[in-house]
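# Analysis of the macromolecular model
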Amino acid sequence: MCRQRITHLVCFFILWFLNHGPATPLQAAETISRAGRTAEVSNSSGSPLATLVDGQIVLENKNLRAVFSPKSGSLVSLVSKQTGWEVQRRPELGRNFRMLVPLPERRNNQVLGNEQKAPRVRLDPETRSISFTWQGLDSEHAEDLNIQFVGKVRITERHLEFKAKVSNQSGHTIETIDWPYLGEISLPPRATYFDHLRLSYCGMLKSPLYPEFKNEAGYWGADYPLQFSKHPTAPFVLADSGQQGLYMGYHDATLDRMLMFTFRMKPGYVRTDFFNSGTIPVTDKISGEPVRLELNAVHFTYLADGETQSLHPIVVQPYTGSWHRGVDCYKAWRETWSASGYDSHELPGWVRQVHSWQQIHINSPEDELQVKYRDLVQYGRDCAEHQVAAIQLTGWTLHGQDRSNPSHDVDPRLGTEKDLAWAIDQIQKLGVKVVMFNKFTWADRSSDWFRRELVKHAAKDPYGDYYVHPGYRYQTSAQHANINLRRLVPMCPASTSWRNIALAEFKKSLALGADGMLYDENQHHGSTHYCFDPSHDHRHPGHIFAGDLVLARQFHQIKQQQKPDYLIAGEGSFDLQIPYYGISYIRIPRNHVPLHRYMAPDSHIMIGIFGHNDRHLINQALMYRYIFSYEPRHYKGRLHEFPLTLDYGKRVDRLRRKYHDLLWEGEFRHTVGAKVHTSDKTFDSYSVFVDRKSGRRAVIVSNPDPGKTISVKVELPGKTRPLISATPEDPRPVASDGRSVLPALSAVVFMEQGS
Ligand SMILES: [Zn+2]
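Residues numbered from 1 in each chain as written. Predicted model: local features only at pLDDT ≥ 70, side-chain atom pairs only at ≥ 80, totals over all residues. Heavy atoms only, no water.

## Some details on the sheet that holds strand β34 (residues 516–519)
The following threshold applies: Pairing between strands is defined by DSSP: at least two bridges between the two strands are required. A run of H or I in DSSP counts as a helix once it spans at least four residues, and a run of E counts as a strand once it spans at least two, with each numbered from the N terminus. Every axis corresponds to a line fitted to the C-alpha atoms, with the helix fit spanning only the stretch in contact, and the corresponding angles, defined between N-to-C directions, vary from 0 to 180 degrees.
Strand order around the closed barrel formed by 8 strands is β29-β30-β31-β34-β37-β38-β39-β40, with parallel pairing between neighbours. Between one strand axis and the next, the sheet turns by 30° as a mean value, whatever way the strands run. The sheet contact formed by strand β31 (residues 433–438) and β34 spans 4 bridges and is parallel. Each bridged residue has a counterpart across the sheet, and for N438 the counterpart in β34 is Y519.

## Quick look at the nonpolar core
Spelled out, the test is: We define the nonpolar core as a collection of buried residues of types Ala, Val, Leu, Ile, Met, Phe, Trp, Tyr and Cys that are connected through side-chain atoms lying within 4.5 Å of one another. Categorising residues by exposure relies on relative accessible area from a 1.4 Å probe, with only protein chains included: less than 20% of the type maximum marks a residue as buried, more than 50% marks it as exposed, and the intermediate range marks it as partly exposed. Contact between two residues is taken to exist if any of their heavy atoms lie within 4.5 Å; hydrogens are not considered.
Counting 123 residues, the largest nonpolar core has W357, L376, L393, L420 and F555 as its most contacted members. Among the elements that line this core, the one with the most residues is helix α9 (residues 544–562), at 7 residues. Those residues in contact with F555, other than ones at most four positions away along the chain, are F440, L503, F506, M517, Y519, I568 and Y581. Judged by nonpolar contacts, the second largest core, of 61 residues, contains F97, F132, I155 and A239.

## A look at the coordination of the zinc ion
Tetrahedral metal sites with four donors have an ideal angle of 109.5 degrees; octahedral sites with six donors have ideal angles of 90 or 180 degrees. What counts, and what does not: Because no water is among the atoms considered, metal sites can look incomplete, with donors defined as N, O and S atoms within 2.8 Å of the metal, or 3.2 Å for Na, K and Ca. Each label reflects the angles at the metal, where four donors whose angles all fall between 85 and 135 degrees are tetrahedral, four or six donors whose opposite pairs open beyond 155 degrees and whose other angles stay between 65 and 115 are square planar or octahedral respectively, and the rest are irregular.
For the zinc ion, the protein coordination sphere consists of C492 (SG), C531 (SG), H536 (ND1) and H538 (NE2), at 2.1 to 2.2 Å. One can describe the site at the zinc ion as tetrahedral: its 4 donor atoms subtend angles covering 104 to 116° at the metal. Coordination of the zinc ion draws on donor residues from a single chain, spaced C-x38-C-x4-H-x1-H in sequence. In this pair, the class of C531 matches that of H536, namely buried.

## Focus: the environment of D195
Looking at the secondary structure, you find D195 in strand β16 (residues 194–200). Take D195: its relative accessible area is 8%, and that puts it in the buried class. The contacts of D195, once residues within four sequence positions are left out, are K206, S207, P208, L209, L238, A239 and D240.

## Some words on the packing of aromatic side chains
Centre distance and the angle of the planes are the two values used to describe a pair of aromatic rings. Short version of the rule: Centres within 6.5 Å make a pair out of two Phe, Tyr or Trp rings, where for Trp the six-membered ring is used; the pair is then stacked when the planes are under 30 degrees apart, edge-to-face when over 60, and tilted otherwise. Placement of a positive charge over a ring is assigned whenever Lys NZ or Arg CZ falls within 6 Å of the ring centre and within 35 degrees of the normal to the ring plane.
Taken as a whole and judged by the stated rule, the model has 34 aromatic pairs. With a centroid separation of 6.0 Å and 75° between ring planes, the pair formed by Y219 and W220 is classed as edge-to-face. No difference in accessibility class separates Y219 from W220, as the two residues are exposed. For the pair F274 and F275, a centre-to-centre distance of 4.5 Å together with 55° between the ring planes defines the contact as tilted. Taking relative accessible area as the criterion, F274 reaches 51% and is therefore assigned exposed. Through successive ring pairs, a cluster of aromatic residues spans F68, F97, F132, W134, F149, F162 and W179. Directly above the aromatic system of W422 lies the positively charged group of R374, at a separation of 4.0 Å from the ring centroid. Taking NZ or CZ as reference, K636 lies 4.1 Å from the ring centre of Y635, over its face.

## Focus: the confidence of the model for the chain
Convention followed: For every residue, the pLDDT score states the predictor's confidence, bounded by 0 at the bottom and 100 at the top.
Here the chain shows a mean pLDDT of 93. Residues at 70 or above account for 94%. Counted against residues more than four places away or in other chains, residues 1–42, with its pLDDT under 50, gives 87 contacts.

## Remarks on the environment of V270
Checked against the element boundaries, V270 lands in the loop between β22 (259–266) and β23 (271–274). Each C-alpha atom of the pair V270 and F610 lies 43 Å from the other, and the pair is 340 residues apart in sequence. Beyond its immediate stretch of four places on either side in the chain, V270 contacts T279, I280, P281 and I286.

## Brief notes about the layout of surface pockets
A water-sized probe rolled over the atoms picks out the places where empty space is left. Heads up, the condition is: Both cavities and pockets are sets of points on a 1 Å grid over the protein atoms alone; in a cavity a 1.4 Å probe fits but cannot get out, in a pocket the set is open with protein on both sides within 12 Å along at least five of seven lines, and lining residues sit with an atom within 4 Å of a point. Grid points are joined across faces, edges and corners, and a volume is the space filled by probe spheres set on the points. Following the grouping adopted for this structure description, the nonpolar residues are Ala, Val, Leu, Ile, Met, Phe, Trp, Tyr, Cys and Pro, the charged ones are Asp, Glu, Lys and Arg, and the polar ones are all others, Gly among them. Throughout the structure description, domain borders are defined by an automatic or database domain assignment.
Counted as a void, the second largest pocket has a volume near 1400 Å³. Lining the second largest pocket are 42 residues, and of these R98, L100, N108, Q110 and R264 lie nearest its centre. Put simply, the parts of the chain that give the lining of the second largest pocket at least two residues each are β9 (98–100), β10 (110–112), β15 (176–182), β19 (226–230), β22 and β27 (292–299). Per-class residue counts for the lining of the second largest pocket are 19 nonpolar, 11 polar and 12 charged. When residues of the lining of the second largest pocket are assigned to domains, at least three fall in each of domain 1 (3–334) and domain 2 (354–586).

Take a look at the structure:
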């Protein structure tokens, strides 16, 4: 890209000191709409530039124009050049950074960036970046803290990137740093709604920002309504109006520390619906205060006195179009990850094919002892009879599911290790794969093992106590009434000693001869994020999610040595775990949005199916390329207990085997690239797959309504090939004009014909 154009502009550093006078706002012609303001931006250059304009620092590319005040280091203007949306509209609301530096008698002691002395500013046109250096900071309750904060902002071809370096000689710990701190995210022009979107359990979590705002902090816990998203579960957030939005992502794969995105609504609701939700003002001011939505990236630095730390990149980019365009910002970074786990060695062949599983529950903490090990063979016969490829054995460990964790010993009441290994072998001889349910997240607090030894390896809070997860309720009224639950204690995967225990337990499971394991609850630690135990061999405090990746790599090393075709699967893995866990098991709601499928079209996701005639769930699996995990009677039953679901599932799998080049191997595009017309203008129950080689497309449409037949018409822009259609009930291809009458809870597939 245009290096010459940059170098001919200014090829030297400019040191800029504050006494150059007050900042002046960016000049912009404007039009006012009811919901927001549109600016016309004069510079239409596509090359990223970092320049001085009228005493302001301007970073600009073809997507955005950002203006920083050299006086304060604040972002005083941010404009989406594609649409003219002034994201940061009022310069006086511009902000820069914030720090939490607890004092002995004042934990909540804030360093507010916009109340500091002027920073030293360095503009480097060649690297298209600026840096602001604040040396010596004043906090609310202590002055002149010996802290140096260097905030760096770079403009790239597409986005703004915020990094920082902080050195702490203050005698205190810098607990968190908000950087960047965007003082205003205005409503896009003509927006009728504005949502906070993020990834959660492979789906999309949506919280309204406008016209209502949902407070996720509790009104007792914050001055202003607040929403937050935590990395690594949510690697990015979108503020989305349906037509455009703003992307903010954390582009770090090390998991060195926790990162949280926050949306804060100031100065609060105009009317409350309840204590945790209300309507936001639509005026610029209320009660004399400016109405604004703030967006921050909060780095949990826990930077001790004498330490220096670099903050990993936060990327900010306005986008035009649906939320998919925002997610594309993340996808572009995701493609730069180096190969690891199953990206560097092959996933077992059977996992990559169209196939289904059954999950069976063998025992709970309340001692049903439902299936003796040797009797498991009958479930294997069921799977073979119904062409179910794999069976997941859950609750096979000592004392049943979610008791005596992390033991992966067999339960003598069910049989011996030999009995279980024999049953696994017999099931495999029927042509059915066996996957063991494993778990290394918790220890059962009620166990002697925990009290005697494992407590040493538990994650500890700042007060030296272990964290506690409430546990899970099973089967009896005493459990359902929460009287005798086995409380679960989050262990510390950042600790080598704990990982060694987990790996020893994993080896017990591996030794039984199964085809794989599914690490349940691999993706979280309850509410635990940091471990403060000084006896553990990690940084203090340690971000325990970093240990999750180390543990995953160690599982792979062991399986590569002992059984290379072994499947390591997980549950709703967070995105950085995806390379290591070949399948993510999840359960989905009726209105599920397949966000992770869009982010990672080639990942393997499996959903639990429990209903007696669960056609919509099965149709969702068809649209989103999810594997079925049949779970009759809440995974306590046998396949013949839900014949309608099983029959429809088989038909869908037969359909996607027949057209696997599109429906299984094609690239998933969600609703991008086709439109489906119905009488319902918001109809979005469809998905698009594209054959990567030929460009042929398929559109799967399903009718989610349980009582209504609908007419659909598919529109494929640029279509030159004839269309065919097929259904789960009749997979034979028939010529199609792109129209179909869809009975309740039915699906149809339209496909462009091959040459
Ligand atoms: Zn620890």
